[in-house]
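# Examining the three-dimensional arrangement
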Amino acid sequence: MLCDRCKEVIEAGEERERYGQHLCEDCYLDALSPARTCDPWAVHSAKSFEQAGGEKARLNENQNEILRLLKENGGTMDPQVIIRQLGIKPSDLEREIAALRHMERVKGELRDGRKFLRLW
């Protein structure tokens, strides 16, 4: 069976159903808990954590790579280019961007109707 979202093969008995769709575990979790970039409480929590610890929040490997790519490319990039260069799924990029947005490291920008990521 194939996942209705990502089209990956799902082993028998491993599929999850949500609103009539058959999903793999990753897509099911994304459907249950989508990334939210605009979350004032998450921003507040990230800032409070930084202030309490006296150091910058620790970033994971993908987050560090996203920031590196943005710095190397003048601070602004098309998200699709980042996805291709890092070899990650769009949903993974969304989650990493949400976390970086909460830490006020990156933000989105619209140019000619297209979305771009840029450094804060």
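Now for a look at the structure at hand. All values reported here derive from a predicted model rather than from experimental measurement. (Residues numbered from 1 in each chain as written. Predicted model: local features only at pLDDT ≥ 70, side-chain atom pairs only at ≥ 80, totals over all residues. Heavy atoms only, no water.)

### Some remarks on unusual backbone geometry
So the rule is basically this: Think of it this way: any DSSP run of H or I at least four residues long counts as a helix, any run of E at least two long counts as a strand, and we number them from the N terminus. Relative accessibility thresholds used throughout: buried, under 20% of the residue-type maximum; exposed, over 50%; partly exposed, between the two (1.4 Å probe, protein chains only).
Even without being a glycine, Lys7 presents a positive backbone phi close to 70 degrees. Take Lys7: it is sitting in the segment before strand S1 (16-18). The residue Tyr19 is not glycine, and still its phi comes out positive at about 50 degrees. Assignment of secondary structure puts Tyr19 in the loop between S1 and strand S2 (21-23). Residue Tyr19 is classed as exposed on the basis of its relative accessible area, which comes to 74%.

### Here's the deal with the sheet that holds strand S3 (residues 76-77)
Put simply, the rule is: Only strands joined by at least two bridges in the DSSP assignment are considered to pair. Throughout, a residue-residue contact means that at least one pair of heavy atoms, one from each residue, lies within 4.5 Å. Only the contacting stretch of a helix is used when fitting its axis, a line to C-alpha atoms as for every element, and angles between N-to-C directions run 0 to 180 degrees.
Strand order in the open sheet formed by 3 strands is S3-S5-S4, with antiparallel pairing between adjacent strands. The sheet is open, and its two borders are formed by S3 and strand S4 (106-111), each paired with just one other strand. Strands in contact with helix H3 (residues 61-72) are S3, S4 and strand S5 (114-119); relative to S5, the strand with the most contacts, it is inclined by about 95 degrees.

### Considerations on the packing of H3 against helix H4 (residues 79-86)
Here is the rule: Each angle receives one of four descriptions, namely roughly parallel if under 35 degrees, roughly antiparallel if over 145, roughly perpendicular if within 65 to 115, and oblique otherwise. Handedness of a helix crossing follows the sense of rotation of the near helix relative to the far helix, less than a right angle counterclockwise being left-handed and clockwise being right-handed. Under this grouping Gly is polar, as are all residues other than the nonpolar Ala, Val, Leu, Ile, Met, Phe, Trp, Tyr, Cys and Pro and the charged Asp, Glu, Lys and Arg.
Direction vectors running N to C along H3 and H4 enclose 125 degrees, while the axes themselves pass 11 Å from each other. When the axis of H3 is compared with that of H4, the two are oblique. Handedness of the H3/H4 crossing: right-handed. Residues Asn62, Glu65, Ile66, Leu69 and Leu70 of H3 lie in contact with H4, whose contacting residues are Ile82, Gln85 and Leu86. In the contact of H3 with H4, the residues fall into 5 nonpolar, 2 polar and 1 charged.

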